[in-house]
Amino acid sequence: MSQSSDLIQSAQRTIRLELEAVEGLLAHIDADFVRACEMILASKGRVVVVGMGKSGHIGNKIAATLASTGTTAFFVHPAEASHGDMGMITRDDIILALSNSGSTNEIVTLLPLIKRLGIKLISLTGNPDSPLAKAAEVNLNVHVEHEACPLNLAPTSSTTAALVMGDALAVALLEARGFTAEDFAFSHPGGALGRRLLLKVENVMHAGQELPQVVRGTLLKDALMEMTRKGLGMTVVLEADGKLAGIFTDGDLRRTLDRTIDIHQTTIDDVMTPHGKTARAEMLAAEALKIMEDHKISALVVVDSEDRPVGALNMHDLLRAGVM
C-alpha cells in the first residue's frame, strides 16, 4: 500500500512540476517570439530543425508539426550535419536549433559554418546567455527552474517546455498563414483523417439512375416501390419543373403507418417532409455528416444551384466511406 502511495505521489509531483514549467513559458511569449514568427513567414526556404539527444527527439516532433501545418520543415541530426548533411541546407533556409544548455558541442561546432553561409538562426534554449543563444538572430527562452527528475538531471520539464514552445510556434504560424482544414488534409491524405477532410459529397452520393425519385401526386404505394428498388431508405419528391418538393424516408413511413393511412389511396404529398435539409455536391462529406447530426436525420438530398436534386446520401454511405 505504501509503495502504491509513493508511486502516485511521484507521478503527481512530476505532473505538477511540468505544469509549472509550461505555465512559465507564458512570460517568454514576447517580442522575440514575434520576431521568430516573422522571420519564418518572410523566409523563401525551409525550417531546418536540429537538436541532440532528447532535444533531438523533441526537434523531430516540432519539425513534423511544422510540416503538417503549412510550414515546410525537416529535421537534421547535428552530428550528421558535420559529416555531409549540411549540404541539405540552403542559404534561404532558417535553422531552428534546440539545446537546453545552449552549449551542445555538436551544434556549437556548426555555428561558424552557419554564419559563413549567412543562414538565419533561431535558437530554442533554456539559457539565454549561452553560446547558441548569443549566436542566434533570436532566442526562444524555454528556461525551467527544475527538471521533474528528482535528481534534477534527466530532461523532463525542459523537454516538455521545448515541445510546447514548438507547438506554440507552429500554431501561431498556422493562423498567420490562414491555413485551412483542406490545407491540413493535403498533408494528411492517408487514413481516416484524410478521408474525413478530403472526401466530398459528390464522391459518396447516389446519382443518376441510383437516385430514388417520384413526382408530386404519386401514390404512396408507388413511392414505396421506388424506395425498394433503389434501396436507400428514402425517395426524393419532385415538383413538376424538376425542383425539390420534399423527401420521404423510412422514418416518415413508420410515422405514416402509425396514422393507419391507406397506402393505396394516399399520395406522397400528404406524408412527405416538405423540402427537407439539403447538401451540395461540392461540400465536404464531413459537412454533410454535421448537418445530419445537428438535425438528427439519416439522409440528405443533394441539390444543384437551382434546387434540383442531383443525388442523395445516407449515414451508411458516410460510414462505408470512413467519414464517421
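About the thresholds
Residues numbered from 1 in each chain as written. Predicted model: local features only at pLDDT ≥ 70, side-chain atom pairs only at ≥ 80, totals over all residues. Heavy atoms only, no water. Helix = DSSP H or I, 4+ residues; strand = E, 2+ residues; numbered from the N terminus. Rg over C-alpha atoms; globule rule 2.2 N^0.38 Å. Contact = heavy atoms within 4.5 Å. Areas by Shrake-Rupley, 256 points an atom, 1.4 Å probe, with all protein chains shown as cover. Lys, Arg positive; Asp, Glu negative; His and termini not counted. Charge placed at Lys NZ, Arg CZ, Asp CG, Glu CD. UniProt positions renumbered as here; feature names shortened; annotations may be inferred. Polar contact = N/O pair within 3.5 Å; in protein donor to acceptor, adjacent residues only side chain to side chain. Domains from an automatic or database assignment. Axes fitted to C-alpha atoms, helices over the stretch in contact; angles between N-to-C directions. Parallel < 35°, antiparallel > 145°, perpendicular 65-115°, else oblique. Left-handed = near helix turned anticlockwise from the far one by under 90°. Nonpolar A, V, L, I, M, F, W, Y, C, P; charged D, E, K, R; others polar. Core = buried A, V, L, I, M, F, W, Y, C linked by side-chain atoms within 4.5 Å. Buried < 20%, exposed > 50% of the residue type's maximum accessible area, 1.4 Å probe, protein only. Pairing = 2+ DSSP bridges.

Student: Which parts of the structure should I look at to understand the overall build of the chain?
Tutor: Tallying secondary structure elements over the chain gives 15 helices and 12 strands in all. Against the compact-globule benchmark of 20 Å for 324 residues, the chain has a radius of gyration of 30 Å, which places it well outside the compact range. Across its three principal directions, the C-alpha atoms of the chain cover 90 × 60 × 35 Å. Within the chain, contacts between residues separated by at least 24 positions form 63% of all contacts whose residues are at least 6 apart in sequence. With the model as given, the accessible surface of the chain reaches about 16,800 Å², and the carbon-plus-sulfur share is 54%. If the 30 positive side-chain charges of the chain are averaged to one point and the 40 negative ones to another, these points end up 2 Å apart.

Student: What is the right way to read the UniProt feature "binding site: Zn(2+)" (unreviewed entry) in the chain from this model?
Tutor: Following the UniProt record, the feature "binding site: Zn(2+)" (unreviewed entry) maps to His77 here. In this fold, His77 is placed in the loop between strand E2 (73-75) and helix H4 (78-81). At 3.1 Å, the side chain of His77 and the backbone nitrogen of Ala79 are in polar contact.

Student: What am I meant to see in unusual backbone geometry here?
Tutor: Across residues other than glycine, the phi torsion is negative in most instances, and most of the peptide bonds are trans. Of note, the phi angle at Asn152 is positive, near 60°, even though the residue is not glycine. Structurally, the position occupied by Asn152 is in the loop between strand E5 (138-141) and helix H8 (157-177).

Student: Help me out: how do you make sense of the UniProt feature "domain: CBS" (unreviewed entry) in the chain in this one?
Tutor: Sites flagged by UniProt as "domain: CBS" (unreviewed entry) map to residues 205-263 and 272-324. Annotated as residues 205-263, this span is 34% helix and 24% strand, and its ends, taken at the C-alpha atoms, are 29 Å apart.

Student: Would you take a moment to explain the domain arrangement of the chain for this structure?
Tutor: Quite often, the size of an interface is put as the accessible area lost when its parts meet. Taken domain by domain, the chain comprises domain 1 (3-179) and domain 2 (201-321). Placing the centre of domain 1 and that of domain 2 at their C-alpha centroids yields a distance of 54 Å.

Student: Help me understand the packing of helix H1 (residues 2-24) against H8, please; the structure alone is not making it clear to me.
Tutor: One way to put it is that H1 packs onto H8 with a least axis distance of 9 Å and a crossing angle of 40°. Overall, the two elements H1 and H8 adopt an arrangement that is oblique. Crossing angle aside, the handedness with which H1 passes H8 is right-handed. Of the residues in H8, those in contact with Leu17, Glu18, Ala21 and Val22 of H1 are Ser157, Thr160 and Val164. Class assignment for the residues of the contact of H1 with H8 results in four nonpolar, two polar and one charged.

Student: Where do I start with the nonpolar core in this structure?
Tutor: Side chains of a nonpolar character, in soluble globular proteins, are inclined to be buried together. Counting residues in hydrophobic clusters, the biggest one holds 30 residues, and the most contacted among them are Val49, Leu66, Leu96, Ile122, Leu124, Leu140 and Leu169. Looking at this core, the elements that each hand over two or more residues are helix H2 (31-42), strand E1 (47-51), helix H3 (53-68), E2, strand E3 (94-99), strand E4 (120-125), E5 and H8. With six residues, H8 is the single largest residue contributor to this core. Residues within four places of Leu66 in sequence aside, it is in contact with Val47, Val49, Thr71, Ala73, Ala170 and Leu173. Counting 19 residues, the second largest nonpolar core, distinct from the first, contains Ala281, Ala285, Leu300 and Leu313.

Student: Sorry if this is basic, but what is going on with the sheet that holds strand E6 (residues 213-215) here?
Tutor: On the basis of which strands lie adjacent, the open sheet formed by four strands has the order E6-E7-E8-E9 and mixed pairing. Each end of this open sheet is capped by a strand with a single partner; those strands are E6 and strand E9 (273-274). Direction of pairing for E6 relative to strand E7 (residues 234-238): parallel, over a ladder of three bridges. Each residue of the ladder has a partner; that of Val215, found in E7, is Leu238. Relative to the sheet, helix H13 (residues 250-258) contacts strand E8 (244-249) and E9, its axis offset from that of E8 by approximately 70°.

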